[in-house]
Structure formats: C-alpha cells, structure tokens
Number of protein chains: 2
Amino acid sequence: MPAVLAVLGLIFMWVKRSWVLKQDAGSGKMGDIASHIYEGALAFLNAEYKLLTFFVIGASIALAAISFIVPTTHILIVVAFIFGAVFSAFAGNIGMKIATQTNVRTTQAARTSLPKALKVSFGGGTVMGLGVAGLAVLGLTGFFIIFFHYFMGGEWTNVHQMTIVLETLAGFSLGAESIALFARVGGGIYTKAADVGADLVGKVEAGIPEDDPRNPATIADNVGDNVGDVAGMGADLFGSYVATVLAAMVLGNYVINDMGGNIVSEGFGGIGPVLLPMAIAGVGIIISIIGTLLVSIKNNDAKEAEVQAALNKGNWASIILVAISSLLLVRWMLPETMQMEFFGEGIQQISSWRVFYATLVGLVVGGVISAVTEHYTGLGRGPVLSIVQKSSTGAGTNIIAGLATGMISTFSSVLLFAVAIWASYAFAGFYGVALAASAMMATTAMQLAIDAFGPIADNAGGIAEMSELPPEVRERTDILDSVGNTTAATGKGFAIASAALTSLALFAAYVTFTGIDGINIFKAPVLAMLFIGGMVPVVFSALAMNSVGKAAMEMVYEVRRQFREIPGIMEGTGKPEYDKCVEISTKAALREMLLPGLLTIGFPIVIVLVPMVFGYENRLIAEMLGGYMAGVTVSGVLWAIFQNNAGGAWDNAKKSFEAGVMINGEMTYKGSDAHKAAVTGDTVGDPFKDTSGPSMNILIKLTCLIGLVIAPILGQDMTIAETPDIDEVTINTEIETEPVGVITSEVDEVEKERIITSEASVEPLTISEEKVALAEISSEVKQVKME
Amino acid sequence: MPAVLAVLGLIFMWVKRSWVLKQDAGSGKMGDIASHIYEGALAFLNAEYKLLTFFVIGASIALAAISFIVPTTHILIVVAFIFGAVFSAFAGNIGMKIATQTNVRTTQAARTSLPKALKVSFGGGTVMGLGVAGLAVLGLTGFFIIFFHYFMGGEWTNVHQMTIVLETLAGFSLGAESIALFARVGGGIYTKAADVGADLVGKVEAGIPEDDPRNPATIADNVGDNVGDVAGMGADLFGSYVATVLAAMVLGNYVINDMGGNIVSEGFGGIGPVLLPMAIAGVGIIISIIGTLLVSIKNNDAKEAEVQAALNKGNWASIILVAISSLLLVRWMLPETMQMEFFGEGIQQISSWRVFYATLVGLVVGGVISAVTEHYTGLGRGPVLSIVQKSSTGAGTNIIAGLATGMISTFSSVLLFAVAIWASYAFAGFYGVALAASAMMATTAMQLAIDAFGPIADNAGGIAEMSELPPEVRERTDILDSVGNTTAATGKGFAIASAALTSLALFAAYVTFTGIDGINIFKAPVLAMLFIGGMVPVVFSALAMNSVGKAAMEMVYEVRRQFREIPGIMEGTGKPEYDKCVEISTKAALREMLLPGLLTIGFPIVIVLVPMVFGYENRLIAEMLGGYMAGVTVSGVLWAIFQNNAGGAWDNAKKSFEAGVMINGEMTYKGSDAHKAAVTGDTVGDPFKDTSGPSMNILIKLTCLIGLVIAPILGQDMTIAETPDIDEVTINTEIETEPVGVITSEVDEVEKERIITSEASVEPLTISEEKVALAEISSEVKQVKME
C-alpha cells in the first residue's frame, strides 16, 4: 500500500512538474541567464556523480566483503546500497532541475502578479518535495517487498529472518545517506565559496552590486543557492526519511520479538509493527499533497506576513492530518496491547494508544523546534535585536553576542529533545522514539516544498536583477525571498530535529542488532570513545569552515584575473567566463569534502578495527562503537543548533539595518559603523549556518548508520536465536574457547530444555522462597563464571 | 606522614613569605599604587567572603538534611564542608595577599637586575603554590585521621566503615570546590569587566595608554589580574587537588573490597591503597620545593627563552622526581598483586607495577597537554601565524580562523585524554585513572608557582608604568610578563587536564558509592540526561560571556562619568576615584556569578528530585545523574579546550603585530588594518580564555562532586554488605515490596549457604556440562525475574 501511495505522489509530482514547465519562461536575457544557472547546476551534479560513482564502487566492494564475513549480512545489501545512492541522486537531480527551471518562470510570473509568482515558485518546491518523499517511500517499500519475498517467501517465519531482511534494507539507507554527505557538505562548501568569492571581489573591491551580470562569480553564486539549499537539503531529508522509517521497522521487529516472536494472529501477516512506519510515511505523502494545495494567496499587494500565513496554513494542516491518520493507522495496524522489553525494567504491557501518544510527541517536537528557531533567529525578535544593539560598540561585541545567542539557544532545543526522548520512550520504548521521528518526518514533502521555494524565489530575484527588469518585479520576488529566509532557518531547525530523532532511532536499532544489553559508559574504553565521539563534530565543523575559506580564496583570485584580463568586462561589452567560476566552485567543493567525509566514515571503522587487533571482545567493541555514536550524536546536535542559530541570528541582525534600526535612541542604517560590524558577524555566520552547521545532520546520521551496518559483524559471535535471550548472549561471549557453531547448537538444545527446567525449579516456591532461590542462582552463576 | 610533609611545606612557605616581604617595596608613588591594588584585592575578597558565608550556611543546612535522611552520611560532613570552604578561602587569601605584595617588590627588584626580579616574583608564586598545596594536603589528611579514628577507632574494620569515612571526607572536597566556583567564575567576570571597561574608555575613547594612572579603571584592571589569574587559578587547583586525592582514596577502598575486604596482613594497617594517594600528594609538596629552588637565572641580559628554560628545568625536574617517588611509594605501600573488578570482565590480578604505569600515564598527560596547548596558542607557531595571515582580509576571516583553531585543537587534546583514560584503566582499573590524576596533581605547588608568577610580573610592569619608572625597568618586567603569558596558556592546559582526570575519578567513585553496576546510556532517561549534561557547559559559557559584557558596560559608564565630572582628571591634577571602579567590578562579579552557579548546583538536584516525584527507582535515578555527569564532563572538556585555545591563539595573533609580521610579503605592524582585525579577535577571545573557558573546569568538577555527595541517597535502598556483590544488588532493587532490612538479613543467610549450594551443584560437572548448566541457570534467573 505505501508503495502505491508513493507512486500516486510521484504521479502528482509529474503533473505538477508539467504544469510548472508549461509556464512562460520569459525570453531574451532572462532565459540566457537562467540557462547559465541551469547548466552550472547540471555541471556540478555531473561532476559530483562522477566522483560518487567511484565512491559507490569502493563502498560496494567493502559491503560485499562484509556480507561474506558475516553470515546474517546478505550480498543483496550491495544492491540495496547502490539503489539507495541512485535514488537519492535521482531525487536530487529532479529537485535541482525543477528548481533551476522554476526560478526564471517565477521571475516571469512576478511580472504579472505576486499570487502567480508564489504559485509558480511553490509549485517548483512541491515537485521537489514530492520527488524526494515519493522516491524514498517507493525505494524503501519496494525493496522491503522484494526482500520479504526473497528471504521469507512473503510470509512471516521468525524474528531472525526479518532481521536479515532489515539488515539488508539498511544498505538502501546507507546509500542514501552517503549521497547526502556529499550533497550537503559539498553543497555547503560550494555555495559559500561562490557567495564569499563573489562578494569580496564584486561588492567590496569592484564596487558593483550583488547579482550584477558583470561579476564572473555571480552565476556560480546563484548555482550555489540551488546546490546547497535545494539539493543539499533534499538529500539530507531524503536520508533522514529513509533512515527513520528503517529504524522504526527494525524496532517494530523487536516488538514482535518481545511479544514471543509471532503475532500472525493479530493480522497484517504478523508484521503490523514493521509495516506501520512505512504506512505512516505513505499516507504522509498524500497529506503533504493536500497541504501544498492549501498554500495560496489572493491579494496582489500581500506582504510577507500574508505569504507566511499561507505557508503556515498548509504546514499546520498537514501536521494535524498526520496526527489523525497516525491515530487511525496505529489503532488499525498494531495489536491492542503489546509487550515491550524495557532495559532494566523488564517486559511491560503497552497499549496501542501509548504508541499513538509517542507519534504525537514527534509532531509536537517538529512544531516547537521551528518556533524556537524562529525566536532565536527571527527579525525583530529579542535575541536579534540584542545583537543589533551590541553592533554599535564594534565587531567584537557583535561576535560575542552572536556566539552567546547560538549557545544559549541550545538550552530550549536540547531540553525539548530530552523531554521528547524521555516521553516517547516512556510511552512506547524505543519503538515509540522511532515512531515519533517517523510521524515528524511524515510531512517531509510539505517541509521540503516550503524549504525549496525560498532559494527559487531568491534565484528569481537574482534573474530579475541581472536582466534589468522593472523594480516591481524585484519587489515581489523580494517578498517571497524574505519569507524564504525565515523558512530556511526553521527548515534547518526541522532538519536537525529530524536528524537527532533519526540518530536516536538508529542508535536503538544498533543495540538490538548487536545483541548487547546496553552501553555502559562506566567501562573506561566506552567512556574514552564517548569523548572521541564528542570531539568529532567539533573538528568536522572546523574542517568545513576552513574549506570554505580556501575555496573562497581560489574564487577571489579567479574573479580578479577575469577583471584584469578580459577587456571591456566592467563596461558590459566583454563577456565574463561564468563557467570558469562554476568549475572552481565545483572542483573545490568536491575536493574539500573528502577530508570531512573520510573522518565521518573512517572513525567508526578505526574504532572497530583497532580494538580487534588488540583482541578485545566483540561485545566490548560494540559498546565502544555505541559510545562513539552517542558522543557524536550529543555533541553533533549541540554544535548544529549552536552554529545554525548563531549564523541565522547574525544574518538577520545584518538584515535589520536595511530597514533601519534604533540604537541608543538613534535610527541607524546601512553603511553605518554598526552595520559594518554586523556585516563582519554575518561573514562569520555564513559558513556556520550554511556549511558546518547543516553538515552536522549528516555526520550524526551517517555515523549511526555505519554503526548499524557494522553491527552484525560485532554481533556475530552471539547467537541470534528465535527469541534472543540477553543472558545467553552474555554467557556466549564469556566462553571464548569454543568455536561459534558449537555453542549455537548447544544453546539450541538448552533452549528446548529451558521450559522444563525453569518451571520445575521455580513453580513450587512461594514468594519469599523465590527470593532466596534467586540469590542462590545468582551466586551459582557467579561461582561458575569465576571458574 | 603526609600531614607532616604538608606542615613542612607550610613552614617552608612561611620562610619564603618572610623573605619576600623583607624585600624592598620601593617608595612614594609606587607604594601608593601598590597599596591601592592590595586594598582593591582585599575589598573583593571581603565582599566575596560575605556572600560565601551565606552560601556556606545554606549549603550546610542542605547537607545536614541529607545526613539525617541517609544513614551512611554522617552529620560530620557539614563540619568537613565548612572546613573545606574555609581552607580554600584561606589559601586564596594567602595567595592574593602575597601576590599583591610581591608585585611592587618585583618592580623594585627590576630596578637592580632581571635575575633579582625573577627571584622575587617567582618567590611570590612559590608562596602561593605551597600555601595551596600545603593547606589542601593538611586539611585532607587531618580530617582523614580524625574520621578514621572517630568512625573506625583508628584501625581497619571493614570496607563499609571506610566508605562512611570517605563519604564524610567528601564534604571537605565539596567545600573547597564551592569556593572555587565563586573564585573562578567571579574572578573571571571581574578581571574581564575591568579590563574591557578600562580599555574601551581609556585606550579607545580618551586615547591614553594602558595602565595610565589617570584612568579610573586601571586599579580595578590590575586587581582583576590577581583576582582572576591568582585567586581563581589557585582555588581551581586547590579543588582539583583535593578532589583527585579523595576520589583515588575512594577507589583504593574498593580495591580492598575487591581483594576480599581485608588486607591487614599487607601492612599499613590494611589501608595502603587508601593512603597511597595522600602519600603521593605529600611527597609532591617536598618535590615542588626542590623544583622551585632550581628556578633561577644568572644573566642580567637574559631573554624570554632563558627565563622559560629556567622554569622548564624546575618543572621537568619535579615531574621526574614525582615519577621516581611514585615508583617507590607504589611498590612500598601496595600489596605485590591486587585483585580488581573490571566491569564486564570480572576480577583481574593486577601487580603493583601496573599501578605505577598508570601514574606514569598521568605525568605524561600533564607534560603533553602543555606542549599541545603551546602549539596551538604559541607565538610564531603555525596556527597563530595562520590567524595573523587571515587578519589581512578583515575581522570576519580572523574570527573564523580563531574559532577553527580552537575547534581543531580539540582533536589532539581529546585524543590524548581518551588514550590516557583507556591506558590508565587498562593498567589498573579506575584506581589507575584516579592515581594518574593524583600523580599529575602532585606537582600542583610547582605548577601554581609558575602560574602565579605571570600575573605578579604583569602587575609589576603596570606599577612601573603608572609610577613612571625608567624604561629598562619596564623592559625587564615585560620579559617576565611575556613568559608569564605562555605559562598562563600552558597552565590552563594543565588545569583542564587535571579537571578532566579529576572528574573521571570522581565519576568512577560515584558509581561505586551508589552501588550501581554501570551507567547504561541505552536507557532513554539516561540518554536524555546525557543530552542535557552536554548542553549545560554551552549555556554556562554563554551566561559567563554575557555577564562580562554587562559588567563591562557598567564600568564604561562609570569611567565616562568620572572623566566628565572630576575636574582636572585628564591633566593629572584631579584624582580618579579608583575605589568606585573596584566596587563596580566586585559587585558585578558577585551578582553575575549567581546564575551560572545556580545552574551548576541546581541541575543535578533537579535531575534527582523530578524523577523521585515521578516515582522512579533510585537505581535508575543514579544512572540518570551519572549520564548527566558524563554529558557535562565530555562537553565541558571540549568547550574548555575550544575556548581556552581559541582565546589564547587570538591573543597571540594580536601580540604578533607588536614586533611586526610578514603578510603577503609585506611587514605589517600595530595600527594597520590587519592589526585592527586582530584586536577584534582578541576582544572575542578575552572572555573565552579568561572567563568562560576556565570556568568549565569548575563546572565539571563541581557537578561530579555534587553527584558524589548525592550518591549515598541514591544508594540507600541497596545493601552495602561487607563484600558487596553486584548480582545481589541487582536483585535487591528488583524486589521492591520488602523493606531494606529484611532483605539484608536474608541475603546474609543466603551468603552462608552459598558455598555449599554452589559447590554442590557445580563441582561434579565437566566443562561442557558446565556450559549447559550456565545456560539453565540464566534462563531460570530470567524466568524468575519475569514472574
């Protein structure tokens, strides 16, 4: 069913796309510029795909090797991986193409009216959103159906088989997230290198305005908006979407396990808890379509608030519809009550109502995080006004105020996440956490439509400027652009919230895959890895920031060279070599993303390999890797919030001067010393909010996904019996002298005897006797262990 | 014995102090200015003590309440707490007094020769160092002897009794660290408020040089150096010193526990592992005295390198001597082989050699962290030069480069800590981690002497400037000051390393106090607390930075008022009201430290109380608090390194311009645009390196100490038997229906039966049968648990 809904979504996307493409694309200079942007974007995509091909081949070989070593990892994981990468790249391709085709059509539409311009630009965003969501659901459900039939013959056998299905499916998610790494980090470097390079030489040195066609870097700058904000964000959410649903499916499988390993009598072929996350995602696509249809304005003289209200209406409508549909799906697809294992608290009875409450938690987080982000970064809000005030005493105080704002903003966001983890777990265990994430991600298509419309409007304004259209066109696109800036900030909030919840869900799935019974940070090696994990996002951010600096300097030298060598360029008679600048940004982005990428992928592998060389037990290594994952997640979330919000606040503090601000009783405008201080802040904030900050999302998700794919290796000396028993697993790891196979068969024998032995010895005892027996047993266990 | 050594140290301190005070203090204007600084410093101390009195009374009442609730916490903890606070305050008092008396004597000595000036200023530092270390060891050992006699009658009874002794002793450590919170955070706010305020109006607005006597804030600025760098650093290391030794003692007690609860046959009254940390600390004092005696130069025309070499000689000599004495003490006081419990790995045999290796790890960390810090912040090193280069393109790129440097620097530092944790734990468990910290801290007196001499030299230079002495005097003090800047940076590295290791040791002690068998971050509430813990240092830093901004603005208004209202102030005929500025800094510092202080103390309490209200098990709450502690430590260490190193690098990037630097082939000096950009960086770096960065040390240590004091409350529903058995403890928490007492007696009965039962059932089995039995037993345990 979800696959059908996904196809429906894709069909709607196609219809919408045809509608957008049928719109008038203007003519002459406009078309010329737009085609430059379109080609620049395609040039980046093609260069990226070339590099990715090598990466995908290399990673596929590594995965194939894993599948030969680990019995539970099937070679099909490689196929899933490749398709995940291809689907993600394809979704990015659709998004980039439509965005770079919609921009000029939006400009043209803005010549007639604002409602028309919104309709066109949001239409482009909708195509992007539905493309991403549709392909994600289609790919995931498609592969699930295939693997379900291949491994299990299309009907429930046991938890162990389903685990293999889901482990193989993890390849799809890994492929998607790998592409996201390149798209997000590379895109972030690209967009800021072009932006800073264009500004430094164009605005500062040559004194020509922004988006001036004489600036050779201006096309690269406009391409960058698409590469970073459209393709990067799209790949990011594509990855989150797939990973969240996958993690929820894994945990759903463990719910079945905790319920005794078979719930075929409950309907849905006995896999209701596994299917539910996909069902929510599928219905979410249809809901998003409804949501996008609600976004429209009628008034040609509308201001930002009206446009924002139209977007909000669509957004809230979809959130409410997801809540309602979650209720129906949860009640319909899940058993009335379930048993779930809570670590340290034993098995609990959970009614499906509590699962529904957990999904509500996710929806609330999605809504609240946007509000929190807007508070800290919004124009006219306290924090931004405070930065504006501090700008009057110079760049130093402006920077301190911006840093402090970003840091303070972690308080409410982290508190929100902590409460969300706690609440959704209390409602329905880690399955609840994963479903909270799934419910939040159900509106992905809608979120992306809102996110993507901003850069489209931004580009539309740039095209209007470059092709010297009448000022009212630019005014209309400016209104859309301004709303787009706000949605960009809140979109980043949504993205980090989704990454945080996704990582937690993956983290939980990781523990169940490895078969360990927890991650004990009181073991020093685990604690050491927690430290290292905490450090990685910080170093990653620094590398990304330095990359932007390096790439921007290359751009500066190239633009200077063109100004110097091409005759008549400043008079508008010589034609700048736009493609050279596009090429520099492209090459720099791809080159500079390698080191951070290596860090992300290399660290988990080193953490597994080094202790293996030292002869550590797999169980301990699994805990160490888990500690690392937790460190990366906690620190990554913090640094993402810090950097995104500081960057957003600096940006809007600078923008405040455009309309004029009151400082110490005086109206202060652009060009004042305070404004210059604010520009410095914005320079620092740019890589924060567009490169290193958003990269954190990918870092934490990819780290947890790599962990999940490695997990079966670490779990391989532990038996995954039909009903995995933690006590048994512990024992197995402690008896190291025997080869794995032997233990497995012995345990199976023990399994058979279990019911007889345990019932025989426990049943006749009264409660107080039981306690004594318990203590006796425990001392026996200890005694045996010691020997 | 350690008490005797401490007294010896204090006697030597007194001798040194008399010698310093006998030095010529100069006359006329010099003395006048010096007495202003002295009085300003005392004014701050007195105001601080007043506030602290209220705090100590409040905290004592809270502790008394705890001691009534928790049977194992004795009311004497309140006495220990008060003495800890008083000792720490007294040590701060000695340090501040001697520092503010040595400064003018250094100026006077610099009129004759550089070697003399070094001798005097370093003599002052030595008094400070020995005062802190001597009082710390005296207080700790004194109270240990008292409690040992009070609770145990002066001879070994059992582990449980010793735990009570050490829990009560934790009060001393808590008192010391509470004072450190106020001294470090308040001092950090004080010094930067005065510094920024003095500079903004004096240097920028009025155009008068630094340390000009016409500037009303100049005395406050000089007082600030003492308040922040002398008293703050002193209290910080006093706290680390006490906490480290205490934590090592607690873990030593658990070594005895793991060895069967009685090692009286091994000598030292059966408490060798508990006494060892105190012995190392005591011997460290004598070694530090030897080290300080080695610091001297002969050449009157010596440059920075020679002075630095003299300090290094003393420092390395003491490190090597500590290594030798640790070897002797470890081999002498510890049993030849010990049994230690490694969580998840069972009991291991540890020879005392391995404990010695663990102490070596600590010494290496202390040495390497200084080198790493110097690499990232040192003049003429790559990172600083790179920031200098980036200054040429403006403040924005300077800031990005500084932030990136601080962020990158976390890589090697965190890797070092991670390896240190891992290695010292692998050698000798958490006892090894704690002893590594103890060995590193053994040279505290020497470290503090090196640290404190910097601000003294800085002050001496200020006095020379203000009293218009001949330029060669200022040149000589400048050499000392310049060396002092380097030692200040490396000292901060030492302080954060000590705080990190101390926190880990406290963390380990916490787990043993609560009786939990680990902290499982796979439990969602624990994970949520890890997130919250990670966030607290970030918010704390932001609050501290904002406080500096607020306090500095007050100072600016006051200085402006004085310039406006006092006639003849600029001509040197009117006398500025120095005390008004001192008062503003003092009040602001004390007021602004409250919120961060509240955050530090309040969060752990809330984390314990809220779940109690929700009816969570104590065991889970203990894990949650542990997760919080880990989050604070990991994130706090990261932010401390990041902020300290970024701040230090910015500072030296700015200083580089004084001698001139080569940028793009051109020599660039003070006053250039690049220099102005570097000044902006320094403005941002000031609160980073002097306020929020160093405060992290206190935050993480105090958090872990509060946890340690709360621990017995959380452990109270678990039995601390003579040989605590983790399996039993687990069982106890799961049987909640019975009162504690009953279970205890039952467990004791079981204890007796244990040997018979377990031997009877296990002995006759062959190896392969054993495994089956093991599996049976485990399934029985599970069966029983489920019911």
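- Chain A is annotated in an unreviewed UniProt entry as Putative K(+)-stimulated pyrophosphate-energized sodium pump from Salinimicrobium marinum.
- According to its UniProt record, chain A has this under Catalytic activity (unreviewed entry): "Na(+)(in) + diphosphate + H2O = Na(+)(out) + 2 phosphate + H(+)".
- UniProt's Subunit (unreviewed entry) comment on chain A is quoted here verbatim: "Homodimer."

1. Some details on the overall build of chain A
Here comes step 1: A count of helical and extended segments in chain A gives 21 helices and four strands.
Here comes step 2: Looking at the 787 residues of chain A, the share that counts as buried comes to 64%.
Here comes step 3: Taking the contacts inside chain A whose residues are at least 6 apart along the sequence as the reference set, 85% of them involve residues at least 24 apart.

2. Focus on unusual backbone geometry
Negative phi characterises most residues that are not glycine, and trans characterises most peptide bonds.
Residues and elements named next belong to chain A.
Here comes step 1: Residue Glu468 is not a glycine yet carries a positive backbone phi of 50 degrees.
Here comes step 2: The residue Glu468 is located in the loop between helix H12 (444-466) and helix H13 (471-514) in this model.
Here comes step 3: Looking at Glu468, the number of C-beta atoms within 10 Å reads 10, which means it is exposed.

3. Description of the environment of Glu341(B)
Residues and elements named next belong to chain B.
Here comes step 1: Position of Glu341 relative to the elements: it lies in strand E1 (residues 337-342).
Here comes step 2: A residue is classified by how many C-beta atoms lie within 10 Å of it, and Glu341, with 20 of them, is buried.
Here comes step 3: For the pair Glu341 and Ala500, spaced 159 residues apart in sequence, the C-alpha to C-alpha distance is 23 Å.

4. Some remarks on the packing of helix H6 (residues 218-258) of chain B against helix H18 (residues 673-715) of chain B
Residue and element names in this part refer to chain B.
Here comes step 1: The N-to-C vectors of H6 and H18 enclose an angle of 25 degrees; their axes lie 11 Å apart at closest approach. Taken together, the axis directions place H6 and H18 in an arrangement best described as roughly parallel. Seen along the crossing, H6 lies across H18 with a hand that is left-handed. Each of Gly228, Gly232, Asp236, Gly239, Ser240 and Ala243 in H6 lies in contact with H18, whose residues at this interface are Asp690, Pro694, Asn697, Ile698, Lys701 and Leu705.

5. Re the packing of helix H3 (residues 76-112) of chain B against helix H13 (residues 471-514) of chain B
Residues and elements named next belong to chain B.
Here comes step 1: At a closest axis distance of 8 Å, the pairing of H3 and H13 adopts a crossing angle of 115 degrees. Classified by the angle their axes make, H3 and H13 are roughly perpendicular. Crossing hand, H3 versus H13: right-handed. Seen from H3, the contacting residues are Thr106, Thr107, Ala110 and Arg111; seen from H13, they are Val473, Arg476 and Thr477.
Here comes step 2: The residue makeup of the contact of H3 with H13, split by class, is two nonpolar, three polar and two charged.

6. Re the nonpolar core
Here comes step 1: Judged by nonpolar contacts, the single largest core of 555 residues is most densely connected at Leu251(A), Val433(A), Ala505(A), Leu251(B), Val433(B) and Ala505(B).
Here comes step 2: Dropping the residues within four chain positions of it, Val433(A) is found in contact with Ile421(A), Ser424(A), Tyr425(A), Leu501(A), Leu504(A), Ala505(A), Ala508(A) and Ala524(B).

7. Things to note about helix H11 (residues 395-441) of chain B
Residue and element names in this part refer to chain B.
Here comes step 1: In this model, H11 (47 residues) spans only 39 Å end to end at C-alpha, well below the 69 Å of a helix rising 1.5 Å per residue.
Here comes step 2: At Ala428, H11 shows its strongest bend, of approximately 130 degrees.
Here comes step 3: H11 sits mainly inside the fold: 41 of its 47 residues count as buried.

8. Section: the confidence of the model for chain A
It should be kept in mind that the predicted coordinates are not to be read in detail where pLDDT is low.
Residue and element names in this part refer to chain A.
Here comes step 1: Residues of chain A with pLDDT of at least 70 account for 89%, and the chain-wide mean is 80.
Here comes step 2: Counting contacts from residues 717-787, a segment whose pLDDT is below 50, to residues more than four positions away or on other chains yields 109 contacts.
Here comes step 3: Across the interfaces of the predicted complex, the ipTM metric reaches 0.85, alongside a pTM of 0.86.

9. What about the UniProt feature "site: Determinant of potassium dependence" (unreviewed entry) in chain A?
Residues and elements named next belong to chain A.
Here comes step 1: Feature annotation in UniProt places "site: Determinant of potassium dependence" (unreviewed entry) on Ala488, given in this structure's numbering.
Here comes step 2: Looking at the secondary structure, you find Ala488 in helix H13.
Here comes step 3: With 22 C-beta atoms packed within 10 Å, Ala488 lands in the buried category.

10. Description of helix H12 (residues 444-466) of chain B
Residue pairs spaced three or four apart in an α-helix point in one direction, given the helix's 3.6 residues per turn.
Residue and element names in this part refer to chain B.
Here comes step 1: For H12, which comprises 23 residues, the first-to-last C-alpha distance of 33 Å matches the rise-based estimate of 33 Å (1.5 Å per residue) to within 8%.
Here comes step 2: For H12, the tally of buried residues reaches 23 of 23 residues, placing the bulk of the element in the interior.
Here comes step 3: Trailing H12 by a residue or two, Glu468 shows a phi angle of about 50 degrees, which is positive.

11. Considerations on the environment of Ala552(A)
Residues and elements named next belong to chain A.
Here comes step 1: With respect to the helices, strands and loops of the structure, Ala552 is situated in helix H14 (residues 524-565).
Here comes step 2: Between the C-alpha atoms of Ala552 and Thr126, which are 426 residues apart in sequence, the distance is 32 Å.
Here comes step 3: For Ala552, the contacting residues outside a window of four places in its chain are Ala193, Val196 and Gly197.

Conventions adopted
Residues numbered from 1 in each chain as written. Chains lettered and ligands numbered in written order. Predicted model: local features only at pLDDT ≥ 70, side-chain atom pairs only at ≥ 80, totals over all residues. UniProt positions renumbered as here; feature names shortened; annotations may be inferred. Helix = DSSP H or I, 4+ residues; strand = E, 2+ residues; numbered from the N terminus. Buried ≥ 20, exposed ≤ 12 C-beta atoms within 10 Å, placed from the backbone. Contact = placed C-beta atoms within 7 Å. Axes fitted to C-alpha atoms, helices over the stretch in contact; angles between N-to-C directions. Parallel < 35°, antiparallel > 145°, perpendicular 65-115°, else oblique. Left-handed = near helix turned anticlockwise from the far one by under 90°. Nonpolar A, V, L, I, M, F, W, Y, C, P; charged D, E, K, R; others polar. Core = buried A, V, L, I, M, F, W, Y, C linked by C-beta atoms within 7 Å. Expected span 1.5 Å × (residues − 1). Bend = angle between axes of the 7 residues up to and from the residue. pLDDT = per-residue confidence, 0-100.

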